[in-house]
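# Structural description and commentary
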Amino acid sequence: MLDPEGFQLFLATAVVLVLSPGPDTLLVLSRTLASGTGAGLLTLLGTQTGNVVHSVLAGVGVSTLVLAFPSAWMALKAAGVAYLLWLAVQAWRAAGHATLSAPPPAGAGGAGGAGGAGRFFLQGLLNNLANPKMIAFFLALFPQFIRPDQGSVAAQSLLLGATLAGMAVLWIGAMTLAAGRFRSVVAADPRFLRLANRLAAATFAGLALRLAVQRQT
C-alpha cells in the first residue's frame, strides 16, 4: 500500500519531529508538571488525535489537488523544502532550555473526573490543530509521502498519521511518565537540549536537500 522508500523517508522525518521539542511536547509536559501524570497523558492523547485528523485531511485533500494539477506538486515541493530549512534554522538557533511551567486549570486538581479529563484532552487537541508548525508540515510536506498509484489515499494518510501519532505517544508518553515521577526535580540539561537541537537542525537540512532533488513519480 505504501511506497517502501517513501515510508522510510517518512519515518526519518517523523523521528526528528517527535524527538524535537515543540508546542505539543511542552504543553504535555507542562500539564504533567502542573496537574499530574494522568492529565499529561490525556493531553498527549488529544495532541495525537489532532495529528491523525491533520493527516487524513491533508492527505486526501492536497493529494487530490496534486493529481488534478501536476504543477501543484512542484509548488508543494518548494514549500516542503522551505519548511524543512526553516525548521533547521529554528532548531539550530533554539536555546538550550525550555519553560515547562503552567498553571493548573481552574477548579481541577488533577485528571480525575470526566470534566477534567475532557478538558485536558480538548486542550491537547486544539493546541495541535491550531499549531502553525503542524499545519505547515501536513500541508507542505505530508502529501508528498502519499502515492495515489499505491492504493487508497485515505488509507495511506490514516496509516501514516497513525504511525506518527504512535511514535509520539511512545516517546512523549515516556517523558510524561518520567516528568510525573520526578515532578519535584525539574531541571532540564541545557547541554542535552542544545545537542538535540543541533542534531535536529542537521537532519532537517538533510531532508530538505533530499526533497529538493526528488522527482515526482
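What comes next concerns the included structure.

Conventions we followed
- Residues numbered from 1 in each chain as written.
- Predicted model: local features only at pLDDT ≥ 70, side-chain atom pairs only at ≥ 80, totals over all residues.
- Heavy atoms only, no water.
- Helix = DSSP H or I, 4+ residues; strand = E, 2+ residues; numbered from the N terminus.
- Contact = heavy atoms within 4.5 Å.
- Areas by Shrake-Rupley, 256 points an atom, 1.4 Å probe, with all protein chains shown as cover.
- Phe/Tyr/Trp six-rings, centres within 6.5 Å; stacked < 30°, edge-to-face > 60°.
- Core = buried A, V, L, I, M, F, W, Y, C linked by side-chain atoms within 4.5 Å.
- Buried < 20%, exposed > 50% of the residue type's maximum accessible area, 1.4 Å probe, protein only.
- Expected span 1.5 Å × (residues − 1).
- Polar contact = N/O pair within 3.5 Å; in protein donor to acceptor, adjacent residues only side chain to side chain.
- Patch = residues over 30% accessible without salt bridge, like charges linked within 9 Å, V, L, I, M, F, W, Y side chains within 5 Å.
- Salt bridge = Lys/Arg side-chain N within 4 Å of Asp/Glu carboxyl O.
- Axes fitted to C-alpha atoms, helices over the stretch in contact; angles between N-to-C directions.
- Left-handed = near helix turned anticlockwise from the far one by under 90°.
- Nonpolar A, V, L, I, M, F, W, Y, C, P; charged D, E, K, R; others polar.
- Parallel < 35°, antiparallel > 145°, perpendicular 65-115°, else oblique.

### Considerations on the overall build of the protein chain
Along the protein chain, the regular secondary structure elements total 8 helices and 0 strands. Each helix and strand of the protein chain, placed in order from N terminus to C terminus, yields the pattern α-α-α-α-α-α-α-α. The long-range share in the protein chain, meaning contacts at least 24 apart out of those at least 6 apart in sequence, stands at 86%. Carbon and sulfur atoms provide 70% of the accessible area of the protein chain, an area that totals close to 10,700 Å².

### Observations concerning the packing of aromatic side chains
Applying the stated rule across the entire model yields 5 aromatic pairs. When the ring of Phe-10 is compared with that of Phe-142, the centres are 6.1 Å apart and the planes differ by 75 degrees; the resulting orientation is edge-to-face. Linking Phe-10 in helix α1 (residues 4–19) with Phe-142 in the loop between α6 (132–141) and α7 (153–181), this pair joins segments that are 132 residues apart in sequence. Taken together through their ring pairs, the aromatic side chains of Phe-10, Phe-137, Phe-138, Phe-142 and Phe-145 make up a single cluster.

### A closer look at the nonpolar core
Membership of the largest hydrophobic core comes to 34 residues, with the highest contact counts inside it found for Phe-10, Phe-137, Phe-142 and Phe-204. Those elements that provide at least two residues to this core are α1, α3 (37–68), α4 (71–93), α6, α7 and α8 (190–213). Once you skip the residues sitting within four places of it in the chain, Phe-10 turns out to touch Phe-137, Phe-142, Phe-145, Leu-160, Thr-163 and Leu-164.

### Let's talk about helix α2 (residues 23–35)
Look at α2: 18 Å from first C-alpha to last across 13 residues, which is about the 18 Å you get at 1.5 Å a residue. Residues Asp-24, Thr-25, Leu-27, Val-28, Leu-29, Ser-30, Arg-31, Thr-32, Leu-33, Ala-34 and Ser-35 constitute the buried set of α2. The positive-phi residue at the C-terminal boundary of α2 is Gly-36, with phi of around 110 degrees.

### Focus on the side chain of Ser-55
Along the chain, Ser-55 falls in helix α3. Judged by relative accessible area, Ser-55 falls into the buried class, the value being 0%. A polar contact is formed between the side chain of Ser-55 and the backbone oxygen of Val-52, at a distance of 2.6 Å. When near neighbours in sequence (up to four residues on either side) are disregarded, Ser-55 contacts Phe-138, Phe-142, Ser-157 and Gly-161.

### So, the side chain of Thr-43
Mapped onto the secondary structure, Thr-43 falls in helix α3. Judged by its relative accessible area of 0%, Thr-43 is buried. There is a polar contact of 2.8 Å between the side chain of Thr-43 and the backbone oxygen of Ala-39. When near neighbours in sequence (up to four residues on either side) are disregarded, Thr-43 contacts Leu-27, Val-28, Arg-31, Phe-120 and Gly-124.

### Quick look at a nonpolar patch on the surface
Taken together, the side chains of Val-53, Leu-57, Leu-122, Leu-126 and Leu-129 present a nonpolar region at the surface, about 430 Å² in accessible area. Where the nonpolar patch is concerned, the elements lending two or more residues are α3 and α5 (114–129). The element contributing the most residues to the nonpolar patch is α5, with 3 residues. Relative to the assigned elements, Leu-122 resides in helix α5. The exposure class of Leu-122 is partly exposed, given its relative accessible area of 43%.

### Side note on the packing of α1 against α7
Relative orientation of the contacting elements α1 and α7 amounts to 35 degrees, with a least axis distance of 10 Å. For α1 against α7, the interelement crossing comes out right-handed. In this structure, α1 contributes Phe-7, Phe-10, Leu-11, Ala-14, Val-15, Val-18 and Leu-19 to the contact, and α7 contributes Leu-160, Thr-163, Leu-164, Met-167, Ala-168 and Trp-171. Here the contact of α1 with α7 is composed, by residue class, of 12 nonpolar, 1 polar and no charged.

### Section: the packing of α2 against α7
One can describe the packing of α2 onto α7 by two numbers: an axis separation of 9 Å at closest approach and a directional angle of 25 degrees. What the angle tells us is that α2 and α7 run roughly parallel. Seen from above, α2 lies across α7 with right-handed handedness. Across the interface between the two elements, Thr-25, Val-28, Leu-29, Thr-32 and Leu-33 of α2 pack against Ile-172, Met-175, Thr-176, Ala-179 and Gly-180 of α7. Of the residues that constitute the contact of α2 with α7, the class distribution is 6 nonpolar, 4 polar and no charged.

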